Amino acid sequence: MRPDQVKFTVATEPVDPGIDPDLDPPGARGGGESRRSHHAVLVVIAAGGAIGAGARYGAALLWPTAAGSFPWTTLGVNAAGCLLIGALMVVLTEAWTAPTWARPFLATGVLGGFTTFSTYCLDIERLVSAGRIGPTLGYLAATVIAALVAVTVGAWTTRRLLARATRARRGTR
């Protein structure tokens, strides 16, 4: 194939027929069903987001952060959420044929509502306003590193546990 014959497409939205309304646009056969499906996904995400945000609020009540101090609670919540999303995505994509609502509800909704980029940014602003540049830079770096490590550990550990369970079912070690 010549270079001028190569065509690239860029996916701007998920290509999941269970949740992507663009695959069955309004006006096409079944378009109304697609629109209803789109709204149902938004409702599922919102419900999950309310649960996740409530859990994050509960964590903030249990482990409050004093004004101007290092925001350990937000760092912990974000790391825990990343650990869970690493594990969840392995389960949803490699081990379980989940219903179409599961990923939007659990990953985008619950864990998206639980983890908090907005509070992370607000914590940074508060640390800067308090003149605590060292802790601000530490928090910026620690959050990114903790999130990447946590999602990697969550995915890796889940894959190992699933492989072990599969070997156990087969009777091999």
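What you are looking at is a predicted structure, and each value in this text was computed from that prediction instead of being measured.

When helices and strands are tallied, the protein shows five helices and zero strands. Overall, the protein shows an N-to-C arrangement of helices and strands of α-α-α-α-α. Of the contacts formed within the protein by residues at least 6 apart in sequence, a portion of 66% connects residues at least 24 apart. When the accessible surface of the protein is split by element, carbon and sulfur atoms take 66% of a total near 11,400 Å².

The geometry of helix α4 (residues 117-129) relative to helix α5 (residues 133-170) is characterised by a closest axis approach of 9 Å and an angle of 160° between their N-to-C directions. Classified by the interaxial angle, the pair formed by α4 and α5 is roughly antiparallel. The two elements α4 and α5 cross, and the hand of that crossing is right-handed. The residues of α5 that touch α4, namely those facing Y120, D123, I124, L127 and V128, are P135, T136, Y139, L140, T143 and V144.

Further remarks concern the nonpolar core. Nonpolar side chains tend to gather and get buried jointly when the protein is soluble and globular. F70, L75, Y120, I124, L127 and Y139 together form the largest nonpolar core, which totals six residues. With five residues, the next largest nonpolar core counts L88, L92, A102 and A107 among its residues.

Using the criterion set out here, one finds five aromatic pairs in the structure. Ring centres of F117 and Y120 lie 5.6 Å apart, and the angle between their planes is 45°; this geometry places the pair in the tilted category. Of this pair, F117 and Y120 are both found in helix α4, three residues apart, which corresponds to roughly one turn of the helix. A residue is classified by how much of its surface remains accessible, and F117, at 62% relative accessible area, is exposed. On the basis of relative accessible area, Y120 is assigned to the buried category, the value being 8%.

On the surface, a cluster of nonpolar side chains totalling about 330 Å² of accessible area is made up of L83, I145, V149 and V153. Examining the composition of the nonpolar patch, we find that three residues originate from one element, α5, more than from any other. Here V149 lies in helix α5.

Moving on, we get to the confidence of the model for the protein. In regions of low pLDDT, the predicted coordinates are not meant to be interpreted in detail. Per-residue confidence for the protein gives a mean pLDDT of 84; residues scoring 70 or more make up 78%. Within the model, pLDDT remains below 50 along residues 8-15, and this stretch shows five contacts once partners closer than five positions in the same chain are excluded. Under a pLDDT of 50 for its full length, residues 19-31 has, in the predicted model, 19 contacts with residues more than four places off or in other chains.

Turning next to α5. End to end, α5 covers 55 Å across 38 residues, agreeing with the expected 56 Å (1.5 Å per residue, within 8%). If you check which residues of α5 are buried, you get T136, Y139, T143, A150, G154, A155 and T158. In this structure, the buried residues of α5 make contact with α2 (72-95) and α4. Following α5 by one or two positions, G171 adopts a phi angle in the positive range, close to 85°.

Before going further, it helps to examine the side chain of D123. Following the sequence through the fold, D123 ends up in helix α4. Engagement of the side chain of D123 in a polar contact is seen with the side chain of Y139, the distance being 3.0 Å.

The subject of this paragraph is the side chain of T73. Checked against the element boundaries, T73 lands in helix α2. In this structure T73 comes out as buried when scored by relative accessible area, which is 13%. A polar atom in the side chain of T73 sits 2.3 Å from the backbone oxygen of W63.

Cut-offs and rules
- Residues numbered from 1 in each chain as written.
- Predicted model: local features only at pLDDT ≥ 70, side-chain atom pairs only at ≥ 80, totals over all residues.
- Heavy atoms only, no water.
- Helix = DSSP H or I, 4+ residues; strand = E, 2+ residues; numbered from the N terminus.
- Contact = heavy atoms within 4.5 Å.
- Areas by Shrake-Rupley, 256 points an atom, 1.4 Å probe, with all protein chains shown as cover.
- Axes fitted to C-alpha atoms, helices over the stretch in contact; angles between N-to-C directions.
- Parallel < 35°, antiparallel > 145°, perpendicular 65-115°, else oblique.
- Left-handed = near helix turned anticlockwise from the far one by under 90°.
- Core = buried A, V, L, I, M, F, W, Y, C linked by side-chain atoms within 4.5 Å.
- Buried < 20%, exposed > 50% of the residue type's maximum accessible area, 1.4 Å probe, protein only.
- Phe/Tyr/Trp six-rings, centres within 6.5 Å; stacked < 30°, edge-to-face > 60°.
- Patch = residues over 30% accessible without salt bridge, like charges linked within 9 Å, V, L, I, M, F, W, Y side chains within 5 Å.
- Salt bridge = Lys/Arg side-chain N within 4 Å of Asp/Glu carboxyl O.
- pLDDT = per-residue confidence, 0-100.
- Expected span 1.5 Å × (residues − 1).
- Polar contact = N/O pair within 3.5 Å; in protein donor to acceptor, adjacent residues only side chain to side chain.

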